[in-house]
Amino acid sequence: MPRYRPHVAARPSWRCRVCGAAWPGSPARLALLGEYRGNRTGLLIYLATLLDEATGDLPDTDRLADRFLTWARAR
């Protein structure tokens, strides 16, 4: 049985260490939603902190809010 490897960001590229996709990709988002189940505010604070860190590393800051935060808002 394959072992699960968490989809975490490699800095300063902010690409997934496992699959190479822009982080947070679908697997990372699902894991974060599960980890922060019932604490959407905590998730958004965590993601906002990472967004702030990524802003210093990535050149295209215009789309980072969508990449890091918009998907995590309550629907």
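See the structure shown above.
As the structure is a prediction and not an experimental result, all values here were calculated from the model.

Caption draft 1: Expanded view of the overall build of the chain. When helices and strands are tallied, the chain shows three helices and two strands. For the chain, the sequential pattern of α-helices and β-strands runs β-β-α-α-α. In terms of overall dimensions, the chain is globule-like: its C-alpha atoms have a radius of gyration of 12 Å, near the 11 Å expected for 75 residues. The principal-axis extents of the C-alpha atoms in the chain amount to approximately 40 × 30 × 15 Å. Within the chain, the proportion of its 75 residues that are buried is 31%. Long-range pairs, those at least 24 residues apart, make up 43% of the contacts in the chain between residues at least 6 apart in sequence. Of the roughly 5300 Å² of accessible surface on the chain, 53% is carried by carbon and sulfur atoms. Positive and negative charge centroids in the chain, built from 12 and 7 side chains respectively, lie 11 Å apart.

Caption draft 2: Local environment of the layout of surface pockets. The space that makes up the largest pocket amounts to roughly 180 Å³. As for the largest pocket, its lining consists of 15 residues, of which H7, V8, W23, L32 and Y46 are closest to the centre. Ranked by the residues each element gives to the lining of the largest pocket, the list is headed by helix α1 (residues 26-35), at four residues. Of the residues contributing to the lining of the largest pocket, the split by class is 12 nonpolar, one polar and two charged.

Caption draft 3: Looking closely at the side chain of R67. Residue placement: R67 occurs in helix α3 (residues 64-68). We note that R67 is buried and unpaired, the nearest opposite charge coming from D60 at a distance of 7.7 Å. Of note is the side chain of R67, whose polar atom sits 2.5 Å from the backbone oxygen of W14.

Caption draft 4: Geometry of unusual backbone geometry. Omega for the peptide link from R11 to P12 comes to 10°, which places this bond in the cis form. In this structure, P12 sits in the loop between β1 (9-10) and β2 (15-16). Cis geometry is found at the peptide bond from W23 to P24, where omega equals 0°. Topologically, P24 is positioned in the loop between β2 and α1. Unusually for a residue other than glycine, W14 sits at a positive phi of about 55°. Summarising the element assignment, W14 is placed in the loop between β1 and β2. Residue W14 is classed as buried on the basis of its relative accessible area of 0%.

Scoring rules and cut-offs
Residues numbered from 1 in each chain as written. Predicted model: local features only at pLDDT ≥ 70, side-chain atom pairs only at ≥ 80, totals over all residues. Heavy atoms only, no water. Helix = DSSP H or I, 4+ residues; strand = E, 2+ residues; numbered from the N terminus. Rg over C-alpha atoms; globule rule 2.2 N^0.38 Å. Buried < 20%, exposed > 50% of the residue type's maximum accessible area, 1.4 Å probe, protein only. Contact = heavy atoms within 4.5 Å. Areas by Shrake-Rupley, 256 points an atom, 1.4 Å probe, with all protein chains shown as cover. Lys, Arg positive; Asp, Glu negative; His and termini not counted. Charge placed at Lys NZ, Arg CZ, Asp CG, Glu CD. 1 Å grid on protein atoms, 1.4 Å probe; cavity = no way out; pocket = protein on both sides within 12 Å on 5 of 7 lines; lining within 4 Å. Points joined across faces, edges and corners; volume = space filled by probe spheres on them. Nonpolar A, V, L, I, M, F, W, Y, C, P; charged D, E, K, R; others polar. Salt bridge = Lys/Arg side-chain N within 4 Å of Asp/Glu carboxyl O. Polar contact = N/O pair within 3.5 Å; in protein donor to acceptor, adjacent residues only side chain to side chain.

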